[in-house]
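Structural characterization, general
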Amino acid sequence: MGDQDQSPGSSGDDGHSKGQILENLPQEKVNIETECEETGIDWISELPDALIVQILSQMPIQDAFKTSILSKRWQYPWTSIDNLIFDNRNTNWSDRENVINKFISFTDNVLPLLCCSKIKKFCLYFRFCLVASYSSKIDKWLEIALKKKVEDLDLEIWYYDQNPYVLPQVLCNNSSIVKFNCEFCRIPEECVLNWTSLKSLTLTYLFLRDEHVEQIVTNCPQLESLKLCEFCGFHRLHITSPKCRSLQLIDQAHPDGDWGPFGGDCSFEIVAPYIQHLKISGHFDNVEIRLGDLSSLVHADLTFSVDVVFDKTVALLLASVRCANELMIPCWFIEMIYVSVLEKKKDVPLLMLKCKQLTINSWISRNAILGIGVLLKSTPYLENLTILHEEGDFFVWDEDLEDEEFDWSGDNSLSLHENIFKGSLQNLKHVEVTSNCCSCQHKADATERLSEFLKSLLEHAKNLEKLVIAPWHNGCNISSANISKVFKNLLAFPGASNIAVVSLGSVSGVDFSGE
């Protein structure tokens, strides 16, 4: 680098000079403390070139370029960076046209000046709202990155009131990309997806046809992780590659908010015998999810929400993930298990699960406890139980239902201690409960429900080592005084002396930690 007088390619590089680029940057002073008061040495400029380039690679290209005006020593290090971040998202949109034009001019001028032989990461976050189309500009920028064998490509092309950006064929058929994250774009119908080196793929807000998914599964032999967010258009996902171990499906929604020919109820099938980590979350409205072979599953997160529950959905889903060591389920699973008990007037057995760590997103109410009890009877190996309730996943339990409406093992007088958890908690060692799981309208009822539930656990979990009451929100119906009462009652319960009963916080100044 050194004190050169000309930048790489400055003579005859299509007029792309540093002076032209500077005109498009905000005229602000670059302040940097370079001189040490004791030695007077510019320690930053004394750093090796390779380290300076590495530091500059961690910041947006606009900021890295600004360092070129510090001194002759700093004129050209930025041209060697291989981690490129072009971002116009956090800008002042009061003058939209001017902002977009400056960003385009800057990107047009800077990319040809880069002298790195290979790009490790290329991020393009481009938002526009004008009538004009910038597809040709984006194509040109991507072509430069692809020629330099970019390995990590991150695209977020956000458009307002226009058709989405169409991925070029040169990108859809590429052998250098290892990690690809794409948002708000479109795959052309005639395109064949072929990423031979791809290991991680994240697609957000894309319309995917069944043939696109088949191409991803077939033409990406190195794929290890697949994540689809706010997707739609396909109904079958069969992943048979032994290398693909992680699958995440988050929200099913059409990019334009119109389902078109795919409107109405539909089914969605997943078969992935080698997947170890499965996550299905967000909204899957009017969709029946069917899970096939998931025989290698280790962790399963099924915290998705639905507006229509199909017959035997919960039982079938739990049966498909029965080999998972860790399992997370939503509130409506518990609801539907309870409904089955109510309809059949008796216990509803589920297939035995191998789960050792279970997280349930549910209220702690009389009816919920029935559903939780049935589920726990199906987890004989359970060691860690977490019950919480997060916003956005709730069910208003009908607390007006009378116990006489159902028969629990022939006993109309429901007994939590004798009938719910008996024989199902032999291996349970750790329990964590978020205290605002109680849905009762009255504080006394909420306290009673929580006390009953925790006492049942203490009585039947003979090997329990630790019971944790996690912090709760201010909206909880249980006062700090009642929570204190719950703790003291638990500590006085037979067998509690051998269990660590703790709280991960305090309520209104009352700290229970360590009790």
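The protein chain goes by F-box family protein in an unreviewed UniProt entry, where it is assigned to Solanum tuberosum.

1. Considerations on the overall build of the protein chain
Per the secondary structure count, the protein chain includes 13 helices and 25 strands. Relative to its full complement of 515 residues, the protein chain shows a buried share of 49%. A sequence separation of at least 24 residues applies to 67% of the contacts in the protein chain between residues at least 6 apart. Per element, the accessible surface of the protein chain, about 24,200 Å² overall, is 47% carbon and sulfur.

2. Quick word on empty space enclosed by the protein
In this structure the tally under the stated criterion is 2 cavities of 30 Å³ or more. Each pocket or cavity is described by its volume, and for the largest cavity that value is around 60 Å³. For the lining of the largest cavity, the secondary structure elements donating two or more residues are strand 15 (287–291) and helix 8 (313–320). Broken down by element, the lining of the largest cavity gets its largest block of residues, 3 residues, from strand 15. Considering only residue class, the lining of the largest cavity consists of 9 nonpolar, 1 polar and 1 charged. As a volume, the second largest cavity reaches approximately 50 Å³. Looking at the second largest cavity, the residues that line it are Ile216, Val217, Cys220, Leu223, Leu226, Ile239, Ser241 and Cys244.

3. Quick word on the nonpolar core
Phe86, Phe122, Leu124, Phe126, Phe180 and Leu375 are the most contacted members of the largest nonpolar core, which has 129 residues in total. At 6 residues, helix 10 (residues 366–376) tops the list of elements feeding residues into this core. Built from parts of two domains, this core gets at least three residues from each of domain 1 (47–78) and domain 2 (309–392 + 418–506). Setting aside residues up to four positions removed in sequence, Phe86 forms contacts with Ile61, Gln62, Phe103, Phe106, Thr107, Val110, Leu111, Phe122, Cys123, Leu124 and Tyr125.

4. Here we look at the state of the cysteines
Under the counting rule described, the total for this entry stands at 0 disulfides. You can see Cys116 has no disulfide; the closest cysteine sulfur is in Cys115, sitting 6.8 Å from it.

5. With respect to helix 5 (residues 135–147)
Taking 1.5 Å per residue as the helical rise, helix 5 with its 13 residues ought to reach 18 Å, and the 18 Å between its terminal C-alpha atoms agrees with that figure. Among all positions in helix 5, only Ile138, Trp141, Leu142, Ala145 and Leu146 are buried. Seen from one end, helix 5 has its buried residues packed into an arc of 135°, which puts them on one side. Away from its buried face by more than 90 degrees, helix 5 exposes Ser136 and Lys147. At its buried positions, helix 5 is contacted by helix 4 (96–110), strand 2 (121–128), strand 3 (152–159), strand 4 (165–166), helix 6 (169–172) and strand 5 (173–174). In the stretch just after helix 5, Lys149 is the one whose phi turns positive, near 55°.

6. A few points about helix 2 (residues 49–56)
Of the residues making up helix 2, those classed as buried are Ile52, Val53 and Leu56. Here the buried residues of helix 2 occupy an arc of 100° about the axis, which is enough to place them on one side. Among the exposed residues of helix 2, those oriented more than 90 degrees off its buried face are Ala50 and Gln54. Buried-residue contacts for helix 2 involve helix 3 (61–66).

Calculation criteria
- Residues numbered from 1 in each chain as written.
- Predicted model: local features only at pLDDT ≥ 70, side-chain atom pairs only at ≥ 80, totals over all residues.
- Heavy atoms only, no water.
- Helix = DSSP H or I, 4+ residues; strand = E, 2+ residues; numbered from the N terminus.
- Buried < 20%, exposed > 50% of the residue type's maximum accessible area, 1.4 Å probe, protein only.
- Contact = heavy atoms within 4.5 Å.
- Areas by Shrake-Rupley, 256 points an atom, 1.4 Å probe, with all protein chains shown as cover.
- 1 Å grid on protein atoms, 1.4 Å probe; cavity = no way out; pocket = protein on both sides within 12 Å on 5 of 7 lines; lining within 4 Å.
- Points joined across faces, edges and corners; volume = space filled by probe spheres on them.
- Nonpolar A, V, L, I, M, F, W, Y, C, P; charged D, E, K, R; others polar.
- Core = buried A, V, L, I, M, F, W, Y, C linked by side-chain atoms within 4.5 Å.
- Domains from an automatic or database assignment.
- Disulfide = S-S within 2.5 Å.
- Expected span 1.5 Å × (residues − 1).
- Arc of directions from axis to C-beta.

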